[in-house]
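The chain contents come next:
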Amino acid sequence: MVSNLRNTLEYLAGERDEAPEFLSGRFELVVRCAVWALAILLIYAFCGQSSKFIYIDF
Amino acid sequence: MAWAEIAAYLIFNTFSYYFLFLVPAAALFRVAPQRLRPWIIVLFGGGFFLYFAYGMAGWWGAACLLIFLWESVISRLYRPSSRWCMLGIIQSVVLLGIFKYWNFFTGLIFHHGVNPLRWQGPIKRYQDFLPKLRAEPMGWDGDWERGITRILVGLVKKFAVADLLTAWTDHLNAHDILVADRRILPFWALAYGIKIYTDFSGYSDIAIGSARLFGIRVPENFDWPYGRRNIQRFWQCWHISLTRWLMDYVYIPLGGSRVSKPRIYANIIAVMLVSGLWHGAGLNFVVWGLWHGLLLAGHRFWRQLRPVASNQPQVVLLSRVLTFVLVNAGWPFFCMDLHTAILFYRRLLAG
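So, how was this worked out
Residues numbered from 1 in each chain as written. Chains lettered and ligands numbered in written order. Predicted model: local features only at pLDDT ≥ 70, side-chain atom pairs only at ≥ 80, totals over all residues. Helix = DSSP H or I, 4+ residues; strand = E, 2+ residues; numbered from the N terminus. Buried ≥ 20, exposed ≤ 12 C-beta atoms within 10 Å, placed from the backbone. Contact = placed C-beta atoms within 7 Å. pLDDT = per-residue confidence, 0-100. Core = buried A, V, L, I, M, F, W, Y, C linked by C-beta atoms within 7 Å. Axes fitted to C-alpha atoms, helices over the stretch in contact; angles between N-to-C directions. Parallel < 35°, antiparallel > 145°, perpendicular 65-115°, else oblique. Left-handed = near helix turned anticlockwise from the far one by under 90°. Nonpolar A, V, L, I, M, F, W, Y, C, P; charged D, E, K, R; others polar. Expected span 1.5 Å × (residues − 1).

What about the overall build of chain B?
Part 1 of the argument: Each helix and strand in chain B was counted, giving 15 helices and 1 strand.
Part 2 of the argument: Counting all 351 residues of chain B, 27% fall into the buried class.
Part 3 of the argument: Partitioning the intrachain contacts of chain B with sequence separation of at least 6 by distance along the chain shows that 61% fall at a separation of at least 24.

Regarding the overall build of chain A
Part 1 of the argument: From N to C terminus, chain A includes 2 helices and 1 strand.
Part 2 of the argument: Counting helices and strands in the order they occur from the N terminus, chain A gives α-α-β.
Part 3 of the argument: When each of the 58 residues of chain A is scored for burial, the buried share is 12%.

What about the confidence of the model for chain B?
Residues and elements named next belong to chain B.
Part 1 of the argument: A residue-level look at chain B finds 82% of positions with pLDDT of 70 or above and a mean pLDDT of 84.
Part 2 of the argument: Within chain B, the lowest mean pLDDT, 38, falls on strand E1 (residues 118-119), and the highest, 97, falls on helix H10 (residues 231-237).
Part 3 of the argument: Below pLDDT 50 for its whole length, residues 1-9 participates in 12 contacts with residues either more than four positions away or in separate chains.
Part 4 of the argument: Low pLDDT, under 50, characterises residues 107-121; the predicted model gives this stretch 24 contacts beyond four residues in sequence or across chains.
Part 5 of the argument: Predicted complex metrics record ipTM = 0.92 and pTM = 0.82.

Thoughts on the confidence of the model for chain A
Part 1 of the argument: Averaged over every residue, the pLDDT of chain A is 86; the share at 70 or more is 90%.
Part 2 of the argument: Within chain A, the element-level pLDDT minimum falls on strand E1 (residues 56-57) of chain A, averaging 53, and the maximum on helix H2 (residues 26-46) of chain A, averaging 93.

Some remarks on the nonpolar core
Part 1 of the argument: Counting residues in each nonpolar core, the largest one holds 29 residues, and the members touching the most others are Trp188(B), Tyr192(B), Phe334(B) and Cys335(B).
Part 2 of the argument: Sorting the residues of this core by element identifies helix H9 (185-213), H10, helix H12 (261-279), helix H13 (283-305), helix H14 (313-335) and helix H15 (338-350) of chain B as the ones contributing at least two each.
Part 3 of the argument: Aside from chain neighbours lying at most four places away, what touches Trp188(B) is Trp168(B), Thr169(B), His171(B) and Leu172(B).
Part 4 of the argument: Among the nonpolar cores identified, the runner-up in size contains 17 residues, and Leu12(A), Phe12(B), Val156(B) and Ile206(B) belong to it.

Side note on the packing of H13(B) against H14(B)
The geometry of a pair of packed helices is captured by two quantities: the angle between their axes and the separation between those axes.
All names here are of chain B.
Part 1 of the argument: H14 packs onto H13 with a crossing angle of 165 degrees between their chain directions and a minimal axis gap of 8 Å. Taken together, the axes of H13 and H14 are roughly antiparallel relative to one another. Relative to H14, the crossing made by H13 is right-handed. Of the residues in H14, those in contact with Asn284, Phe285, Val287, Trp288, Trp291, His292 and Leu295 of H13 are Leu326, Gly330, Phe333 and Phe334.
Part 2 of the argument: Partitioned by chemical class, the residues of the contact of H13 with H14 number 8 nonpolar, 3 polar and no charged.

Examining the packing of H2(A) against helix H6 (residues 140-162) of chain B
Part 1 of the argument: The interhelical angle for the contact between H2(A) and H6(B), taken along N-to-C directions, is 35 degrees, at an axis separation of 9 Å. Crossing angle aside, the handedness with which H2(A) passes H6(B) is left-handed. Mapping the contact onto sequence places Arg32(A), Val35(A), Trp36(A), Ala39(A), Ile40(A), Leu42(A), Ile43(A) and Phe46(A) in H2(A) and Glu145(B), Thr149(B), Leu152(B), Val153(B), Leu155(B), Val156(B), Phe159(B) and Ala160(B) in H6(B).
Part 2 of the argument: For the contact of H2(A) with H6(B), the class distribution of residues is 13 nonpolar, 1 polar and 2 charged.

A few points about H13(B)
Helical periodicity: at 3.6 residues per turn, an α-helix aligns residues three or four positions apart in one direction.
Part 1 of the argument: Taking 1.5 Å of rise per residue, the 23 residues of H13(B) would be expected to cover 33 Å, and the 33 Å separating its terminal C-alpha atoms lies within 8% of that figure.
Part 2 of the argument: Where H13(B) is buried, its residues contact H10, H12, H14 and H15 of chain B.

Some details on unusual backbone geometry
Residue and element names in this part refer to chain B.
Part 1 of the argument: Unlike most non-glycine residues, tryptophan 224 shows phi in positive territory, near 50 degrees.
Part 2 of the argument: Mapped onto the elements, tryptophan 224 comes out in the loop between H9 and H10.
Part 3 of the argument: The backbone of histidine 239 shows a phi angle near 45 degrees, a positive value even though the residue is not glycine.
Part 4 of the argument: Structurally, the position occupied by histidine 239 is in the loop between H10 and helix H11 (240-251).
Part 5 of the argument: Owing to 24 C-beta atoms within 10 Å, histidine 239 belongs among the buried residues under this scheme.

A short note on the environment of Leu41(A)
Part 1 of the argument: Within the secondary structure, Leu41(A) sits in helix H2.
Part 2 of the argument: Sequence spacing of Leu41(A) and Ile54(A) is 13 residues, and the spatial spacing of their C-alpha atoms is 24 Å.

What follows is the structure in structure tokens.
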């Protein structure tokens, strides 16, 4: 179960190419669109705080 | 804050990065014949360096660009293993030392803490990277869909998690530590632990996703490090590219595990001290490296006493929690100067 959850999260985050079985098929496109929409919404909501990346300190 | 200052801080977060460089370069790379693709990379890569290094960072940026161009040209004039090659390496190391560690040494001399210059990120090796650049990319549609997803998720990690936690991590300073209720201190350290993970893994996501737009698959840099059951597994899953680099270029040349037992422990601690100094120029980073070196040495000693790890669910859970706590206990040394970090622990443990 933990492994399935991890695979699903990795797929949704773009890290894994193969969709989990329960997401494959026509549903897959809907899920991909939903991930993009949610991500863009969150980026829009939280961007502009203008803090630098910790690992790039000019 | 002026736009130029913001852009200098946030290259991967700017519209300029995506719409002036990444997307046009990736689109051209896609339609261009194979023989022209390296030139597209050179053109946009050079433009990227010029725009951000010279335009945003002034003389420092110009100096970085000049060093890059100088090395690019001069490295083609000498043979590997020649004296000129050695001279080039020494020159690069000296320049790196000047740019990265100058403040550290002058700070030691004058007892004055200053912010180090830091350049960090997923480390890619020439040997691994070049064949991928030359290979014919497969499945453009999939690459773009996965790449853009990866970039968006990276930006979400950065904006919606890491930046949001700044409200807590900003309290990690001497004044706030002194006046705060000591029960809140572990939460500030924990917030920093989550922030640095989402910040750096988000940065890696953007880098990996950007490469994917060109059909290039860059190795992963994080693999759920906070869920690991011991410190050795943590380091195999945190900043993987750096761990591999340190293993190949520091640990193994020191003799690795093929030396006497005391020497193995010394090698482990030496590697983590190097890791600490790689992360930043300051005594706090040395102590942070030492902390992890001691944890790794302690884990190795424990494994010699108990070669087979228990698979009982309670033990596994406890070991995961313990690893998480120990890793997070080290972050105050990473994010504050040594005096402030010691003050943090004094307040936390002694009130």
